[in-house]
Amino acid sequence: MTEPTPDSDPYALFNAWLAEAEAAEPNDPNAMCLATTTPDAMPSARMVLLKGLDARGFVFFTNHDSRKGEQLLANPQAALNFHWKSLRRVVRVEGRVEQVSAAESDEYYATRPRLSRIGAWASRQSRPLGSRAELEAAVAEVEARFPGAEVPRPPNWGGFRVLPARIEFWRDMPFRLHDRRVFHAQPDGGWRSETLYP
């Protein structure tokens, strides 16, 4: 099992932990809790899927008109929480948020199954829904509008990237004397790490 050390690269360490989770977790090892807020709103958290990680940060995709999309556009800061219960590990990420480029959004959108692409058009995400029949009618209308294989990306759908200022790695240890190492982003692009009391 990979352990965090003072000289660890947090991205390399995260990728090692994710690989171990992919081998051990029964479902969605890339699931993460995304927390957002705005100055006049209560914090809001929900599960989303990590769809990319590079030297800039953690990427996920959503409808920009959804509650999370609106909150991120109004207050581009977020926290992520990965919990791999069977491995007894947690990774917490905090940082600023930016929209990914249209090209990145197009590239990922093209990999989605056709019905998922249709759903991105049909769903007025986070808005009240009168009945399941109403949603099914919207799906049928989109299917009729795009009868071929090509379903373009909706203009209000795309990705966000969390640019981490802080990444914490937590490992369960006996008697609740857990192991916690936190990495702080530095202005020069490097990282400073420290151990925290459990």
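Residues numbered from 1 in each chain as written. Predicted model: local features only at pLDDT ≥ 70, side-chain atom pairs only at ≥ 80, totals over all residues. Heavy atoms only, no water.

**A closer look at the packing of helix H4 (residues 114-122) against helix H5 (residues 132-145)**
Interaxial distance between H4 and H5 falls to 9 Å at its minimum, and their mutual angle equals 110°. Judged on the interaxial angle alone, H5 and H4 are roughly perpendicular. Judged by the sense of rotation from one axis to the other, the crossing of H4 with H5 is right-handed. Contacts between H4 and H5 pair Arg 114, Leu 115, Ile 118, Trp 121 and Ala 122 from the former with Leu 135, Ala 138, Val 139, Val 142, Glu 143 and Arg 145 from the latter. Broken down by class, the residue content of the contact of H4 with H5 amounts to 8 nonpolar, no polar and 3 charged. (Axes fitted to C-alpha atoms, helices over the stretch in contact; angles between N-to-C directions. Helix = DSSP H or I, 4+ residues; strand = E, 2+ residues; numbered from the N terminus. Parallel < 35°, antiparallel > 145°, perpendicular 65-115°, else oblique. Left-handed = near helix turned anticlockwise from the far one by under 90°. Contact = heavy atoms within 4.5 Å. Nonpolar A, V, L, I, M, F, W, Y, C, P; charged D, E, K, R; others polar.)

**Brief notes about the UniProt feature "domain: Pyridoxamine 5'-phosphate oxidase N-terminal" (unreviewed entry) in the protein**
In the numbering used here, UniProt assigns the "domain: Pyridoxamine 5'-phosphate oxidase N-terminal" (unreviewed entry) feature to residues 20-144. In the segment residues 20-144, helix accounts for 34% and strand for 31%; the C-alpha atoms at its two ends are 43 Å apart. (UniProt positions renumbered as here; feature names shortened; annotations may be inferred.)

**Re the packing of aromatic side chains**
Using the criterion set out here, one finds 15 aromatic pairs in the structure. Plain terms: the ring middles of Phe 14 and Trp 84 are 5.9 Å apart, the flat faces sit at 45° to each other, and that makes the pair tilted. Note that Phe 14 is positioned in helix H1 (residues 10-24) and Trp 84 in strand E5 (residues 77-84), a separation of 70 residues in sequence. Comparing Phe 14 with Trp 84, the two get one shared label, buried. Three or more aromatic residues joined by ring pairs make a cluster, and in this case those are Tyr 11, Phe 14, Phe 58, Phe 82, Trp 84 and Trp 191. Between the NZ or CZ atom of Arg 89 and the centre of the ring of Trp 17, over which it lies, the distance is 4.3 Å. (Phe/Tyr/Trp six-rings, centres within 6.5 Å; stacked < 30°, edge-to-face > 60°. Buried < 20%, exposed > 50% of the residue type's maximum accessible area, 1.4 Å probe, protein only. Lys NZ or Arg CZ within 6 Å of the ring centre and 35° of its normal.)

**Considerations on the nonpolar core**
Side chains of nonpolar character tend, in soluble globular proteins, to be buried together. Counting 26 residues, the largest nonpolar core has Phe 14, Phe 58, Phe 82, Trp 84 and Val 91 as its most contacted members. The element contributing the most residues to this core is H1, with 6 residues. Setting aside residues no more than four positions away along its own chain, Val 91 makes contact with Phe 14, Trp 17, Leu 80, Asn 81, Phe 82, Trp 84, Ile 167, Glu 168 and Phe 169. Core analysis: the second largest hydrophobic core is formed by 12 residues, Val 100, Tyr 108, Ala 122 and Val 151 among them. (Core = buried A, V, L, I, M, F, W, Y, C linked by side-chain atoms within 4.5 Å.)

**Structural notes on the UniProt feature "domain: Pyridoxine 5'-phosphate oxidase dimerisation C-terminal" (unreviewed entry) in the protein**
Those places that UniProt annotates as "domain: Pyridoxine 5'-phosphate oxidase dimerisation C-terminal" (unreviewed entry) correspond, in this numbering, to residues 157-198. Taken end to end, residues 157-198 is 0% helix and 67% strand, and its first and last C-alpha atoms sit 40 Å apart.

**Structural notes on the pairing of strand E8 (residues 179-185)**
E8 sits mainly inside the fold: 5 of its 7 residues count as buried. Here 6 bridges tie strand E7 (residues 157-171) to E8, and the two strands are oriented antiparallel to one another. Each bridged residue has a counterpart across the sheet, and for Phe 169 the counterpart in E8 is Arg 181. Bridge count between E8 and strand E9 (residues 191-196): 6 bridges; the pairing is antiparallel. When the bridges of E9 are listed, Phe 183 appears paired with Ser 193. Hairpin connection from E8 to E9: 5 residues lie between these consecutive antiparallel strands, with Gly 189 at a positive phi of about 95°. (Pairing = 2+ DSSP bridges.)

**Let's talk about the side chain of Arg 166**
Within the secondary structure, Arg 166 is located in strand E7. In this structure the side chain of Arg 166 is engaged in a polar contact, spanning 3.3 Å, whose partner is the side chain of Glu 168. (Polar contact = N/O pair within 3.5 Å; in protein donor to acceptor, adjacent residues only side chain to side chain.)

**Quick notes on the pairing of strand E4 (residues 58-63)**
Across the 6 residues of E4, 6 count as buried, placing the element largely inside the fold. Along E4, one buried face is formed by Phe 58, Phe 60 and Thr 62 and the opposite face, lined by Val 59, Phe 61 and Asn 63, is buried too. Two elements, strand E3 (residues 52-53) and E4, share 2 bridges in a ladder whose sense is antiparallel. Across the sheet, residue Gly 52 finds its bridge partner in E4, namely Val 59. Pairing of E4 with E7, which is carried by 6 bridges, proceeds in the antiparallel orientation. Bridge pairing in E7 places Val 59 opposite Arg 161.

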